[in-house]
Amino acid sequence: MAQQVDLIIHNAAQIATCASAGRPKRGDALKDVGLITGAGVAIHKGIIKGVGPSAEILSRYTAPNLINASGQAIVPGFVDSHTHTVFGGDRVHEFEMRIRGASYMDIMAAGGGIVSTMVHTRQESKNNLIRSASRRLDQMFSLGSTTVEIKTGYGLDTVNELKMLEVIAALDQQHSCRIVPTFLGAHSVPPEFKDKSNGYVDLVIDEMIPAVAEWYQSSHFATENIPFFIDVFCENHAFNVTQTRRILEAGLAAGLRGKIHVDQFNSLGGLDVALDLGLTSTDHLEVTTEAGIERLSRSDTAAVVLPAVNFNLGLTNFAGGRALADAGSIVALGTDMNPGSAPCFSMPLTMAIACRYVRLEPAEALNAATINAAYALGLSNKIGSIEAGKAADLLILRCDDYRNLTYLLGDNKVQTIIKDGQIIG
Ligand SMILES: [Zn+2]
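Sequence positions are assigned chain by chain, starting from 1 and proceeding in written order. In keeping with the predicted nature of the model, local features appear solely for residues at pLDDT of at least 70, side-chain atom pairs appear and are counted solely at 80 or more, and the whole-chain, interface and lining totals rest on all residues. Calculation of side-chain values draws on the structure's entire complement of heavy atoms; hydrogens and water are dropped beforehand.

Undergrad: Describe the pairing of strand S17 (residues 414-419), with residues and values.
TA: With a 1.4 Å probe rolled over the protein chains alone, any residue whose accessible area is under 20% of its type maximum counts as buried; one over 50% counts as exposed, and the rest are partly exposed. In this text, helices come from DSSP runs of H or I with a minimum length of four residues, and strands from runs of E with a minimum of two, each type numbered from the N-terminal end. Taking burial as the measure, the six residues of S17 include five buried ones, the bulk of the element. Sheet topology places strand S16 (residues 394-397) next to S17; four bridges connect them, and they run antiparallel. Residue pairing for S17: Leu-395 is matched across the bridge by Ile-417. Strands pair, by our definition, only if DSSP identifies at least two bridges between them. The pairing of S17 with strand S18 (residues 422-424) spans three bridges and is antiparallel. Paired with Ile-418 across the two strands is Ile-423, which belongs to S18. Counting the residues in the hairpin turn of S17 and S18 gives two residues, including Asp-420, whose phi is positive at 50°.

Undergrad: Describe the coordination of the zinc ion, listing the residues and the values that go with them.
TA: The donor set covers N, O and S atoms within 2.8 Å of the metal, switching to 3.2 Å for Na, K and Ca, and it leaves out water, so a site may look short of donors. Around the zinc ion, the protein contributes the donor atoms His-82 (NE2), His-84 (NE2), His-261 (NE2) and Asp-336 (OD), which lie 2.1 to 2.5 Å from the metal centre. Any site counts as irregular unless it has four donors with all angles between 85 and 135 degrees, making it tetrahedral, or four or six donors with opposite ones more than 155 degrees apart and the rest between 65 and 115, making it square planar or octahedral. Coordination at the zinc ion is irregular: its four donor atoms span angles of 82 to 170° at the metal. Read in sequence order, the donor residues coordinating the zinc ion give the pattern H-x1-H-x176-H-x74-D. Of this pair, His-84 sits in the loop between strand S8 (78-80) and helix H2 (92-99) while Asp-336 sits in the loop between strand S15 (330-333) and helix H14 (347-358), and the two are 252 residues apart along the sequence. The same class applies to His-84 as to Asp-336, namely buried.

Here is the structure:
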């Protein structure tokens, strides 16, 4: 007898399951999206019950709600594994400066960049930050991101970093997107600690980390087993290798999981720290050395590539994603959505850039944007693929071949979004 479920999607031209049995994809598996043609999926109480050939799904399950996805491809909801979506103000003025020839580091050294966004973010009320970030999430969600990681890092004092975390928690409760929180108090040294960066590092370690760890324990994220990360920007004009290690060790000791912005403009040695500490992900990697790629590829740390940044900055030294993939790294993608270096809402555009400039194949880009991005957030057992037991987050596309996501540019191929089994848009 057929089992009753809430929803069946049948007759899909193809389902790219990105199935991985909870593991990240690397090597040959990274090129395999687990394609099923003429496929169907059964969903009950927000969870995927079965996926397979359409006829088989229709014989095993029955549902009051049926969607005929004839001529359409289905993929997992995208996981945007690296963003700075909560901020005040904008940086359109710096965008013009850069076009006229100023570099990102010039602007940063002149007090622009992260610090200018910090000033606006400190001034904004919690409600205004929720409103503006929610509008950005609307865009990201409509482009297929069903899970979005969001970092703090524009407060840069204890009160405002906690304010950003409260904004992030409110967004998770109010918005259709699933949100994963990251504490990035070590994003930049705030002006009040100019030339006293070790003093700021002490503040991060002695005051902020205990405060945010306590905040997390009493938040709904802890109750729902959504991980909480610490992140550090290891770079000139930000935090050196010694400071980076101190902050990450303190965060890990307080129970947070670890991420790092590393090797974006200069390879300072932060990657070795990240691998010594077994961080969940290392992000950017534009200037990572061959030895670094080798070491990263032998580890279980995800390599998060953010190609919308250099695309936006007009730079040509994209991360060695091809070399990382060939060496067996767990390559993942994120937009790095932020007001300065990547005002980019779109995972499909990020994937399209990754294919062209990082030379990932369409299948690799899809796995990097789903199951491996979920791994980079410590959630690969819950989201990121269309497999029985996973949260039912999936996208029904306006095309019959998932490769159109990366082949076509500037077009939104997402027709229907299913998040936790609910049909939204
Ligand atoms: Zn970033």
